[in-house]
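# Understanding the architecture of this molecule
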Amino acid sequence: MNRKERRKAARKAAAAQIRSSPALQDLLRTAVSHHQSGRLAQAEVIYGDIVQLQPDHADALHLMGVLAVQLGRYDASVSYISRAIACNARIPDYHYNLGLAFAGQGKPIDAARHFRIAIELKPDYAEAHNNLGNSLKEQGKLEEAIRHYHRALDLCPDYAAAHNNLGTILQDGGRTDEAVGHYRKAIEMAPGDAETHYNLGNALRHLGRYVEAVEEYKKTVNLSPGFVDAYVNLGSAFKGLGQLDAAIENYKKALKLESGSADIYNNLGSAHQAWGKLTEAIAAYRQALALKPDYAEAHNNLGNALKEQGKLTEAIAAYRQALALKPAPAHAHN
């Protein structure tokens with residue numbers, strides 16, 4: 001046997017040794033340790049090594065899929081976890097994480113199917129009930145979604161995400177007071193979640209409770225300074241309070257983050273107009289229309305500002321443009 005053949009034989013022997021269950025489990029534990037510590041690249045390499053040595057290693061395939069979901073590589077995740085399920089279809093976590101991968105692909109029907117299987121295998125799986133609720137909501141099956149959010153909370157009363165999700169669907173259905181209660185419970189469990197503070201602010205603003213809404217939006221932007229919609233809605237809450245200078249300030253903060261938004265310029269124009277600053281209002285409306293020429297509401301608002309300035313011919317032209325784009329609004333006809 002020459003040197004090359006000896007090296008090849010040694011590699012084969014080493015591979016055979018590492019394929020033994022204890023050696024593979026040691027490798028898997030090392031990969032999981034990297035994974036849990038956020039060292040995803042290292043974990044991915046080792047998971048790949050395990051699958052290369054043993055292509056039907058269900059746990060490694062599943063964890064490669066989980067890692068792929070974390071990285072937003074949903075197609076790869078579906079492939080890996082489907083292979084894991086082909087090896088062992090009785091593990092609820094496999095179906096749950098495949099559901100997450102399908103959800104990431106924008107396939108709520110496929111996601112719901114696997115969340116249901118996870119629940120069949122493990123009826124007290126609160127996370128699966130919560131995410132099944134999300135998939136059902138995307139399909140417009142709102143009452144069924146609500147039932148699964150409630151079931152998740154029956155199983156895990158301090159489940160912040162389920163409280164937030166239930167609050168959102170209740171608010172969408174006009175049950176805003178109930179939504180407020182669930183948002184507050186979610187915040188008790190996870191006070192650092194900007195999205196829940198934002199959702200609570202929206203619900204309070206909808207109820208006309210502007211002072212409370214302002215506080216929630218402020219908490220949102222403190223937690224997430226780049227949250228554009230929170231600045232916009234904070235501006236709207238200040239406008240509801242009649243604090244137009246604060247409203248304008250927050251619309252401008254939003255524009256610093258998203259300068260190409262016609263909606264924010266339209267809101268800014270509305271705040272200037274409410275304060276009697278017609279020149280600034282007209283400039284903001286014109287900027288909104290430069291970004292979105294078919295914006296009927298901005299044409300109508302521009303018409304109102306021009307009318308207040310006494311520029312009736314220009315106002316009529318703006319109203320006509322609004323009506324050409326959206327014939328229905330009675331205020332534009334008026």
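Residues numbered from 1 in each chain as written. Predicted model: local features only at pLDDT ≥ 70, side-chain atom pairs only at ≥ 80, totals over all residues. Heavy atoms only, no water.

Looking only at helices and strands, the protein chain features 20 helices and zero strands. Taken over the C-alpha trace, the protein chain has a radius of gyration of 28 Å; the compact-globule value for 334 residues is 20 Å, which it surpasses by more than 25%. Dimensions of the protein chain, computed from the C-alpha atoms along their principal axes, are close to 100 × 50 × 35 Å. A separation of at least 24 residues holds for 43% of the contacts in the protein chain among residues at least 6 apart in sequence. As displayed, the protein chain offers around 17100 Å² of accessible surface, 50% of which is attributable to carbon and sulfur atoms. Positive and negative side-chain charges of the protein chain, numbering 39 and 36 respectively, have mean locations separated by a distance of 7 Å. (Helix = DSSP H or I, 4+ residues; strand = E, 2+ residues; numbered from the N terminus. Rg over C-alpha atoms; globule rule 2.2 N^0.38 Å. Contact = heavy atoms within 4.5 Å. Areas by Shrake-Rupley, 256 points an atom, 1.4 Å probe, with all protein chains shown as cover. Lys, Arg positive; Asp, Glu negative; His and termini not counted. Charge placed at Lys NZ, Arg CZ, Asp CG, Glu CD.)

If you look at the biggest cluster of nonpolar residues, it comprises 90 residues, and the most contacted ones within it are Tyr47, Leu166, Ile169, Tyr251, Ile264, Leu268 and Leu302. It is helix α14 (residues 228-240) that contributes the most residues to this core, seven residues altogether. Other than its neighbours up to four places away in sequence, Leu302 contacts Ile282, Tyr285, Arg286, Leu289 and Ala318. (Core = buried A, V, L, I, M, F, W, Y, C linked by side-chain atoms within 4.5 Å. Buried < 20%, exposed > 50% of the residue type's maximum accessible area, 1.4 Å probe, protein only.)

This next bit is on helix α15 (residues 244-257). One turn of the α-helix equals 3.6 residues, which is why residues spaced by three or four share an orientation. Look at α15: 20 Å from first C-alpha to last across 14 residues, which is about the 20 Å you get at 1.5 Å a residue. Looking at α15, one finds that the buried residues are Leu244, Ala246, Ala247, Ile248, Asn250, Tyr251, Ala254 and Leu255. (Expected span 1.5 Å × (residues − 1).)

With the rule as written, the count across this model stands at eleven salt bridges. The residue Glu249 makes a salt bridge to Lys253 at a minimum N-O spacing of 3.5 Å. Placement of the pair is Glu249 and Lys253 together in helix α15, with a separation of four residues, close to one helical turn. Overall, Lys253 belongs to the partly exposed group, its relative accessible area being 34%. Taken together, the shared-partner salt bridges connect Arg184, Arg209 and Glu212 into one network. (Salt bridge = Lys/Arg side-chain N within 4 Å of Asp/Glu carboxyl O.)

Below, the discussion takes up the packing of aromatic side chains. Scanning all chains against the criterion turns up four aromatic pairs. Judged by centre distance (5.7 Å) and plane angle (50 degrees), the rings of Tyr96 and Phe115 are tilted. Of this pair, Tyr96 sits in helix α6 (residues 92-104) while Phe115 sits in helix α7 (residues 108-121), and the two are 19 residues apart along the sequence. We note that Tyr96, like Phe115, is buried. Grouped by ring-pair contacts, the aromatic residues Tyr96, Phe115 and Tyr125 constitute a single cluster. One residue, Lys292, lies across the ring of Tyr295, its end atom 4.5 Å from the ring centre. (Phe/Tyr/Trp six-rings, centres within 6.5 Å; stacked < 30°, edge-to-face > 60°. Lys NZ or Arg CZ within 6 Å of the ring centre and 35° of its normal.)

It is the contact of α14 with helix α16 (residues 262-274), at a shortest axis distance of 11 Å, that shows an interaxial angle of 20 degrees. The orientation of α14 relative to α16 falls into the category roughly parallel. Taken as a pair, α14 and α16 cross one another with a handedness that is left-handed. Each of Val228, Val232 and Lys239 in α14 lies in contact with α16, whose residues at this interface are Ile264, Asn267, Ser270, Ala271 and Ala274. Taken together, the residues of the contact of α14 with α16 sort by class into five nonpolar, two polar and one charged. (Axes fitted to C-alpha atoms, helices over the stretch in contact; angles between N-to-C directions. Parallel < 35°, antiparallel > 145°, perpendicular 65-115°, else oblique. Left-handed = near helix turned anticlockwise from the far one by under 90°. Nonpolar A, V, L, I, M, F, W, Y, C, P; charged D, E, K, R; others polar.)

Of note, His35 is situated in helix α2 (residues 21-36). A distance of 2.9 Å separates polar atoms of two side chains, one belonging to His35 and the other to Tyr47. Apart from the residues lying within four places of it in its own chain, the contact partners of His35 are Leu40, Ala43, Tyr47, Leu63, Val66, Leu67 and Gln70. (Polar contact = N/O pair within 3.5 Å; in protein donor to acceptor, adjacent residues only side chain to side chain.)

Moving on, we come to the environment of Glu297. Among the secondary structure elements, Glu297 is positioned in helix α18 (residues 296-308). For Glu297, a relative accessible area of 46% corresponds to the partly exposed category. Residues Glu297 and Lys107, 190 residues apart in the sequence, show an inter-C-alpha distance of 34 Å.

Time to look at a negative patch on the surface. On the surface, a cluster of negative charge is contributed by Asp229, Glu258, Asp263 and Glu297. Mapped onto the fold, Asp263 is located in helix α16. (Patch = residues over 30% accessible without salt bridge, like charges linked within 9 Å, V, L, I, M, F, W, Y side chains within 5 Å.)

Residue placement: Asn222 occurs in helix α13 (residues 210-223). Placed 193 residues apart in sequence, Asn222 and Arg29 show a C-alpha to C-alpha distance of 39 Å.

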